[in-house]
Amino acid sequence: MHELDRTIWSSTTRRAGGEGLRSQAIQVGGIDVRDLAAQHGTPLFVLDEADFRERAAAMRDAYASGPLDCVVYYAGKAFLCTTVASWVAEEGLGLDVCSGGELAVAVAAGFPADRIAFHGNNKSGPELRAALAHGVGRYVVDSFEEITRLAALAAEQGVRARVLVRATVGVEAHTHEYIATAHEDQKFGFSLANGDALEAVRRVVALDGLDLAGLHSHIGSQIFDAAGFEVSAHRLVRLAVQVREELGVEVAELDLGGGMGIAYTAADSPLDVREMAARLQDIVAKECADHGLPLPRISVEPGRAIVGPTTFTLYEVGTVKQVDLGGGRSRRYVSVDGGMSDNIRTALYDADYTVTLASRVSQAAAVLSRVVGKHCESGDIVVRDAWLPADVTAGDLLAVAATGAYCRAMTSNYNYLPAPAVVAVRDGRSTVILQRETVDRLLALDPGVTRSPGAG
Ligand SMILES: *Cc1c(COP(=O)(O)O)cnc(C)c1O
């Protein structure tokens, strides 16, 4: 119950040693979670900086050690703030953004513009203008309208835009399963099946102001093996062959997208980063050899696999309720001070998480519990089934592992809950990298507020 599975928790997360149960609280970055809670409040996202940098560097190195040149782009949508953007830059990765807001964060961080890639199925005119003015390195185009618009805006600004054409390769991957040919019906990309992808490349090549940088595909998220990538690489290579034959243009780069999975619980066993990188390198090299294509550069765009495991959420326990289910069965509901506003993934994707008592250890028996939030919604579940000590009580701290990706990034203000702060911890120091929202700030958006809260 108190053991920390190394495949789930960040590298500096551990239980403090020493005599007495009170002293066996979780530490991360050399800091006791009770001190973090006292200093920064809860709920709190606690990000292990050393672990983030290790994962970014490991990803970069794993993909660099193959026959093909490879650039790793960190998918900023998983979690982004200026501090994280600066770590990504320092570790030598590129950065994917998919809105004007994410681009603004990158710009505010001074992220090198030529290493930024701009994604999205509905980039607006002002977003594209801002990106062109900033000198963004590449655009992953997603519609014929966008190709026309981007070319016109580039011409207007007297610049050229480097473009990857996003192909819908007909693969949908999720954890260890993938479905080939089954997923044409979606908003992203150009269909390979009906020739749209080839037509998109033709238009990019023909238009002044646009340079073809390569072909792109992204097949899903939380993927555990290389099978889906194998199919998508095969189909991208086939498109590259068509581009060469019909347009006389050599495709310089294949981008295989992101989606590399992580372990949320002991039941998850994703391929290790090096193995996945080696598999992808081999697959593309073999496909190109089979079709007589020169070796392209490749790129990948992991988000979750870099930031997910670096962070846990620290909550304080409030109400603990034993609910009679009849037939002698019961369920214990352990309520925490956040919930679906800071982690929507359980409600949205039926995601599973690992939770542990963080502020102490206990010798009480393990009780099957459900960790729930404080929102007015019975689906407001953080961890559906968790073994927690029978004596868990108000004031205890719980840590939910691997919440670095798509939790803070997907926060809402449901029930007027302010988004939690994010602190980075390293070598005994904690630094707020995103402040906690406040109710005052939320009220500042409301022109009807006539009395300042707390003024009675
Ligand atoms: C979401 C997304 C990613 C990152 O996905 P992860 O599962 O976080 O690795 C990469 N590329 C594109 C195009 C995406 O939409």
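Every value quoted in this text rests on a predicted model; they were computed, and no experiment measured them. Each chain has its residues counted from 1, running along the sequence as written. Thresholds applied to this predicted model are a pLDDT of at least 70 for local features of residues and 80 or more for the giving and counting of side-chain atom pairs; totals over whole chains, interfaces and linings are not thresholded and use all residues. With hydrogens and water set aside, each side-chain value is computed from the structure's full complement of heavy atoms.

1. Some details on the domain arrangement of the chain
Then step 1. Segmentation into domains, and thus their bounds, comes from an automatic or database assignment. Annotation of the chain at the domain level lists domain 1 (14–48 + 309–443) and domain 2 (50–308).
Then step 2. The gap between the C-alpha centroids of domain 1 and domain 2 is 33 Å.
Then step 3. In this analysis, two residues are considered to be in contact whenever any of their non-hydrogen atoms come within 4.5 Å of each other. Tallying the contact residues gives 21 residues for domain 1 and 21 residues for domain 2.
Then step 4. Both sides together, the interface formed by domain 1 and domain 2 hides about 1800 Å², and carbon and sulfur atoms give 62% of it.
Then step 5. Take a side-chain nitrogen of Lys or Arg and a carboxyl oxygen of Asp or Glu: if they are within 4 Å of each other, that pair is a salt bridge. The tally of links from domain 1 across to domain 2 stands at zero salt bridges. Two parts placed together each lose some accessible area; with a 1.4 Å probe, that loss summed over both constitutes the buried area.

2. Some words on the sheet that holds strand β3 (residues 31–32)
Then step 1. Any two strands are treated as partners once DSSP identifies two or more bridges connecting them. Put simply, DSSP H or I for four residues or longer makes a helix, DSSP E for two residues or longer makes a strand, and each gets a number counted from the N terminus. A sheet is described by the order of its strands in space; here three strands give the open sequence β1-β2-β3, paired in antiparallel fashion. Looking along the sheet, the strands with just one partner apiece sit at the ends: β1 (14–15) and β3.
Then step 2. Where β1 and strand β2 (residues 26–28) come together, two bridges link them in antiparallel fashion. Looking at β2, one finds that Arg14 is bridged to Gln27.

3. Focus: the nonpolar core
Then step 1. Counting 129 residues, the largest nonpolar core has Phe52, Tyr63, Tyr74, Val84 and Leu314 as its most contacted members.
Then step 2. For this core, the element with the highest residue contribution is helix α8 (residues 227–247), accounting for nine residues.
Then step 3. Taken together, domain 1 (14–48 + 309–443) and domain 2 (50–308) each give at least three residues to this core, which thus spans both.
Then step 4. Beyond its immediate sequence surroundings of up to four residues, Tyr63 is in contact with Leu68, Cys70, Val72, Met260, Met276, Ala277, Leu280, Gln281 and Val300. Joining through side-chain atoms within 4.5 Å is the link that ties buried Ala, Val, Leu, Ile, Met, Phe, Trp, Tyr and Cys residues into a set, and such a set is a nonpolar core. Buried means the residue's accessible area, taken with a 1.4 Å probe over protein chains only, is under 20% of the maximum for its type, while exposed means over 50%, and partly exposed covers the values in between.

4. Description of the pattern of salt bridges
Then step 1. The full count for this structure, using the stated rule, is 26 salt bridges.
Then step 2. The salt bridge involving Asp32 is made with Arg34; its shortest N-O contact spans 2.7 Å.
Then step 3. Exposure remark for Arg34: the relative accessible area of 27% places this residue in the partly exposed category.
Then step 4. With a shortest N-O distance of 2.8 Å, Asp211 and Arg160 are connected by a salt bridge. Separated by 51 residues along the polypeptide, Asp211 in strand β13 (residues 210–216) and Arg160 in the loop between α6 (144–157) and β9 (161–168) bring together distant segments of the chain.
Then step 5. Under the relative-accessibility criterion, Asp211 is labelled partly exposed at 27%.
Then step 6. Among the residues examined, Arg160 registers a relative accessible area of 52% and is labelled exposed.
Then step 7. Salt bridges here are not isolated pairs; linked through shared partners, they connect Glu49, Arg53, Arg60, Asp61, Glu90, Glu91, Arg426 and Asp427.

5. Observations regarding the pairing of strand β16 (residues 297–300)
Then step 1. Bridge analysis of strand β5 (residues 70–75) against β16 gives three bridges, and the strand direction is parallel. Residue pairing across strands places Val72 opposite Val300, the latter belonging to β16.
Then step 2. In the sheet, strand β15 (residues 253–255) pairs with β16 via three bridges, with the strands oriented parallel. Each bridged residue has a counterpart across the sheet, and for Glu253 the counterpart in β16 is Arg297.

6. Brief notes about the pairing of strand β6 (residues 94–97)
Then step 1. Side chains Gly94 and Asp96 of β6 all project onto a buried face; the interleaved residues Leu95 and Val97 project onto the opposite face, where all are buried too.
Then step 2. Sheet analysis places β5 next to β6, joined by three bridges and oriented parallel. Bridge assignment links Tyr73 to a residue of β6, and that residue is Gly94.
Then step 3. In this structure, β6 lies alongside strand β7 (residues 116–118), joined through three bridges in parallel fashion. Paired with Val97 across the two strands is Phe118, which belongs to β7.
Then step 4. Looking down the strands as they point away from you, a crossover is right-handed if its path from the first strand over the helix to the second goes clockwise. Crossover β6 to β7 through helix α4 (residues 100–108) is right-handed.

7. A word on unusual backbone geometry
Then step 1. Backbone torsion omega between Thr42 and Pro43 reads -10 degrees, so that peptide bond is classified as cis.
Then step 2. Structurally, Pro43 is set in the loop between α1 (33–40) and β4 (44–48).
Then step 3. Positive phi, normally seen in glycine, also occurs at Ala402, with a value near 60 degrees.
Then step 4. In this fold, Ala402 is placed in the loop between β22 (397–400) and β23 (421–426).

8. Here's the deal with the sheet that holds strand β14 (residues 220–223)
Then step 1. With mixed pairing, three strands are arranged side by side in an open sheet as β11-β10-β14. This sheet does not close on itself; its edge strands, each paired only once, are β11 (177–180) and β14. With direction set aside, neighbouring strand axes in the sheet form an average angle of 20 degrees.
Then step 2. Pairing between strand β10 (residues 171–175) and β14: three bridges, direction parallel. Pairing of Thr175 across the sheet is with Ile223, part of β14.
Then step 3. Packed on one face of the sheet, α8 meets β10, β11 and β14 and runs near 25 degrees to β11. Axis lines are fitted to C-alpha atoms, over the contacting stretch for helices. Their N-to-C directions set the angle, which ranges from 0 to 180 degrees.

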